[in-house]
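Below are the chains, spelled out letter by letter.
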Amino acid sequence: MAGGTWFTEDQREGLELSMQIKETLVSKQTPFQKLDIYDTYKYGKLLTLDDLVMTTEQDEFVYHELITHVPLFSHKNPENVLIIGGGDGGTAREIVKHPSIKTVDMVEIDEQVVRMSQQYMPFLAQELTNPKVHLFFQDGVEFVKNAASGYDVIIIDSTDPIGPGEGLLNTEFYRNCSKILNADGIIVSQAESLFNNPDWVKQIFAKMRNVFPVVQAYDGTIPTYPGALWCFAFCCKTPEPLDFFDAERFNRLNLDLKYYNKDIHRACFALPEFAKKLCNGD
Ligand code: SAM
């Protein structure tokens, strides 16, 4: 809802987040969701889907660096990555910074999110034309049922578990992801707001635990997301990736980053007590 010169996100549970708008750049109903891109005074470009904040120019780096470099530097030689969702392109942009990457399969249900991001937010979508990136405009739930195995890392960069994103918070979906993930592979999923969506956080971790022997939470602060403190689920089939960080590769690559570093890699797994209980199902 863009009342006058403000966008207000109805965060449900009696909360709202508002940003003052310079200009509405696009507002359209796609076959899947309402898509808006605004230019805001405080946070630059803002993408919303069904009037929920997806990403902003000023703080997108936190989320996109956390959801990619934590698994990629936990893996000994990440080559083939699958993204479920990720339509704005920020996740793919970070993945291709790693020279070991051979393929990035990105399965985005709504082609309009990609096209509008390419048109209005090239800082996010710039690598979606990278030859290593293969776009599949289909439902991630269906894709993983039939995909060939061989992924080193799977990243679930989806919307909330409502609307098109609902099927992505689901034990069967996680089982199908596990089938196409290599034995030493890692799955990371955005796992919702620790303050505002504790029930979703609990459900995601409980369902991940039905499938993966190793499930661990990490977090980061994203000011424009509901409750700011955001959670990620890190899942693997053996404990090694949790204890591994490729310091040599991190130092050698010296990537152009604004949030992630080797200290954050460790610190993001240090959870507040309430978050430990939520994610560990205590
Ligand atoms: N960073 C944002 C967040 O944490 O809320 C999400 C980024 S991205 C915009 C989320 C993408 O997931 C959207 O482009 C949406 O179209 C896509 N998506 C939702 N459900 C999907 C599904 N079942 N299969 C594939 N993509 C899906």
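Residues numbered from 1 in each chain as written. Predicted model: local features only at pLDDT ≥ 70, side-chain atom pairs only at ≥ 80, totals over all residues. Heavy atoms only, no water.

(A) Representation of the overall build of the protein in the model. Tallying secondary structure elements over the protein gives 11 helices and 13 strands in all. In terms of overall size, the protein behaves like a compact globule, its C-alpha atoms giving a radius of gyration of 18 Å where 282 residues would be expected to give roughly 19 Å. Expressed as lengths along the three principal axes of its C-alpha atoms, the size of the protein is roughly 55 × 45 × 40 Å. In the protein, which comprises 282 residues, the proportion classed as buried is 57%. The long-range share in the protein, meaning contacts at least 24 apart out of those at least 6 apart in sequence, stands at 66%. (Helix = DSSP H or I, 4+ residues; strand = E, 2+ residues; numbered from the N terminus. Rg over C-alpha atoms; globule rule 2.2 N^0.38 Å. Buried < 20%, exposed > 50% of the residue type's maximum accessible area, 1.4 Å probe, protein only. Contact = heavy atoms within 4.5 Å.)

(B) The site of the ligand, seen in detail. Neighbouring residues of the ligand: 23 residues in total, closest Gln 33, Glu 108, Gly 140, Pro 164 and Tyr 225. Residue Ile 109 places a main-chain N or O atom 3.2 Å away from a nitrogen atom belonging to the ligand. A distance of 3.3 Å separates a nitrogen atom of the ligand from a polar atom in the backbone of Gly 165. Relative to its unbound accessible surface of 590 Å², the ligand loses 99% to contact with the protein. Classifying every residue of the shell around the ligand by side-chain character gives 9 nonpolar, 9 polar and 5 charged. (Near = heavy atom within 4 Å. Polar contact = N/O pair within 3.5 Å; in protein donor to acceptor, adjacent residues only side chain to side chain. Areas by Shrake-Rupley, 256 points an atom, 1.4 Å probe, with all protein chains shown as cover. Nonpolar A, V, L, I, M, F, W, Y, C, P; charged D, E, K, R; others polar.)

(C) Layout of the nonpolar core. Of all hydrophobic cores here, the largest spans 48 residues; its most connected members are Leu 66, Val 70, Ile 95, Tyr 218, Phe 232, Phe 234 and Tyr 260. Per-element accounting of this core gives the leading share, 7 residues, to helix α1 (residues 60-72). Apart from residues no more than four positions distant in its own chain, Ile 95 is found in contact with Thr 68, Leu 72, Val 81, Ile 83, Ile 101, Val 104 and Ile 155. Ranked by size, the runner-up nonpolar core spans 36 residues in total, among them Tyr 151, Leu 181, Leu 194 and Ala 217. (Core = buried A, V, L, I, M, F, W, Y, C linked by side-chain atoms within 4.5 Å.)

(D) Structural view of the pairing of strand β7 (residues 80-85). Among the 6 residues in β7, 5 count as buried, and that is most of the element. Pairing of β7 with strand β10 (residues 151-157) involves 5 bridges; the strand directions are parallel. The partner of Leu 82 across the bridge, within β10, is Ile 154. (Pairing = 2+ DSSP bridges.)

(E) Molecular detail of the environment of Phe 250. Along the chain, Phe 250 falls in helix α9 (residues 247-253). Apart from the residues within four sequence positions on either side, Phe 250 is in contact with Phe 73, Phe 245, Leu 257, Tyr 260, Asn 261 and Lys 262.

(F) Up close: the side chain of Thr 224. When you line up the elements, Thr 224 lands in the loop between β12 (214-221) and β13 (229-236). Thr 224 gets classed as buried once you look at its relative accessible area, which sits at 2%. Polar side-chain contacts of Thr 224 include one of 2.6 Å to the side chain of Asp 59. The residues touching Thr 224, leaving out its near neighbours within four places in the chain, are Leu 17, Met 19, Tyr 43, Val 53, Thr 56 and Asp 59.

(G) Spotlight on unusual backbone geometry. At Asp 50, a residue that is not glycine, the phi angle is positive and equals roughly 50°. In this fold, Asp 50 is placed in the loop between β5 (44-49) and β6 (52-56).

(H) Seen up close, the sheet that holds strand β8 (residues 103-107). The strand order across the open sheet formed by 7 strands is β9-β8-β7-β10-β11-β13-β12, and the pairing between neighbours is mixed. Strands with a single pairing partner mark the edges of an open sheet, and in this sheet they are β9 (133-136) and β12. Across the sheet, the mean angle separating the axes of adjacent strands is 20° when strand polarity is ignored. Each of β7, β10, β11 (181-193), β12 and β13 touches α1; the most contacted strand, β10, lies at about 160° to it. (Axes fitted to C-alpha atoms, helices over the stretch in contact; angles between N-to-C directions.)

(I) Inspection of the environment of Leu 253 at higher detail. Locating Leu 253 in the fold gives a position in helix α9. Judged by its relative accessible area of 18%, Leu 253 falls in the buried class. For the pair formed by Leu 253 and Lys 97, sequence separation is 156 residues and the distance between their alpha carbons is 8.9 Å. Beyond its immediate chain neighbours, meaning those up to four positions away, Leu 253 contacts Phe 73, His 98 and Pro 99.

(J) Focus on the pattern of salt bridges. Within this structure, the stated rule accounts for 12 salt bridges. For the salt bridge of Arg 115 with Glu 111, the shortest nitrogen-to-oxygen distance reads 2.8 Å. Of this pair, Arg 115 and Glu 111 both sit in helix α3 (residues 111-120), separated by 4 residues, roughly a single helical turn. Accessibility expressed as a relative area gives 32% for Arg 115, which makes it partly exposed. Taking the shortest distance from any N to any O, the salt bridge between Lys 277 and Glu 273 comes out at 3.8 Å. Of this pair, Lys 277 and Glu 273 are both found in helix α11 (residues 273-280), 4 residues apart, which corresponds to roughly one turn of the helix. What makes Glu 273 partly exposed here is its relative accessible area of 48%. (Salt bridge = Lys/Arg side-chain N within 4 Å of Asp/Glu carboxyl O.)

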